[in-house]
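# Per-entry structural report
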Amino acid sequence: MANISFQGAAGSSTILSAAQYMRNAGGVVVVAAGNTGTLESYPASTAVTAVTAVDGSNNVTSWSSYGSFVDVAAPGVSICTTKMGGGYGCVSGTSVASPVTAGVYALMMAVQPGLQPSQLDSDLFS
């Protein structure tokens, strides 16, 4: 399981190649869609799971990148987490929505260790 929380990961040929390698080994790579609020034209890829962010009402945020490359949406507004240097704070972005999704994958893998990435995708996307 790997998470990549920075803009453009879904369109990087290097990341897609590494993600395909990991997927062939039974792993999953989750990437943040980005926070441009615009239609992005990254190629859709089965090598990564691209995640956009939704608010508490399950609406895609105005700042989330979108397009056919996006696979799922996850909570990404006011997510409370640890802060560098200690303590807690709340943050928003697809960069926090993607690790939420990675966590769901990790839980699925813990319950059913033999599931292949395509089976995990099928269960998550349905």
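Bear in mind the structure is a predicted one, so any value in this text is a computation, not a measurement.

Once that is clear, we can look at the pairing of strand β2 (residues 29–32). By the alternation rule, side chains of β2 split into V29 and V31 and V30 and A32, which are all buried. In this sheet, β2 lies alongside strand β1 (residues 2–4) in parallel orientation, the contact comprising 3 bridges. Following the sheet pairing, I4 is matched in β2 by V31. Handedness of the crossover is the feature at issue here: the chain leaves β1, passes through helix α1 (residues 13–24), returns alongside β2, and the resulting connection is right-handed.

Next up on the list: the packing of aromatic side chains. Scanning the model with the defined rule gives 1 aromatic pair in all. With a centroid separation of 5.0 Å and 85° between ring planes, the pair formed by Y42 and F69 is classed as edge-to-face. With Y42 in the loop between β2 and β3 (48–54) and F69 in the loop between β3 and β4 (72–75), the pair connects residues that are 27 residues apart, well separated along the chain. One exposure class covers both Y42 and F69, and it is buried.

Not every positive phi belongs to a glycine, and N58 is a case in point at roughly 70°. Tracing the backbone shows N58 in the loop between β3 and β4. Phi at S78 is positive, roughly 55°, even though this residue is not glycine. We classify S78 as partly exposed; its relative accessible area is 49%.

Scoring rules and cut-offs
- Residues numbered from 1 in each chain as written.
- Predicted model: local features only at pLDDT ≥ 70, side-chain atom pairs only at ≥ 80, totals over all residues.
- Heavy atoms only, no water.
- Buried < 20%, exposed > 50% of the residue type's maximum accessible area, 1.4 Å probe, protein only.
- Helix = DSSP H or I, 4+ residues; strand = E, 2+ residues; numbered from the N terminus.
- Pairing = 2+ DSSP bridges.
- Right-handed = clockwise from strand over helix to strand, strands pointing away.
- Phe/Tyr/Trp six-rings, centres within 6.5 Å; stacked < 30°, edge-to-face > 60°.

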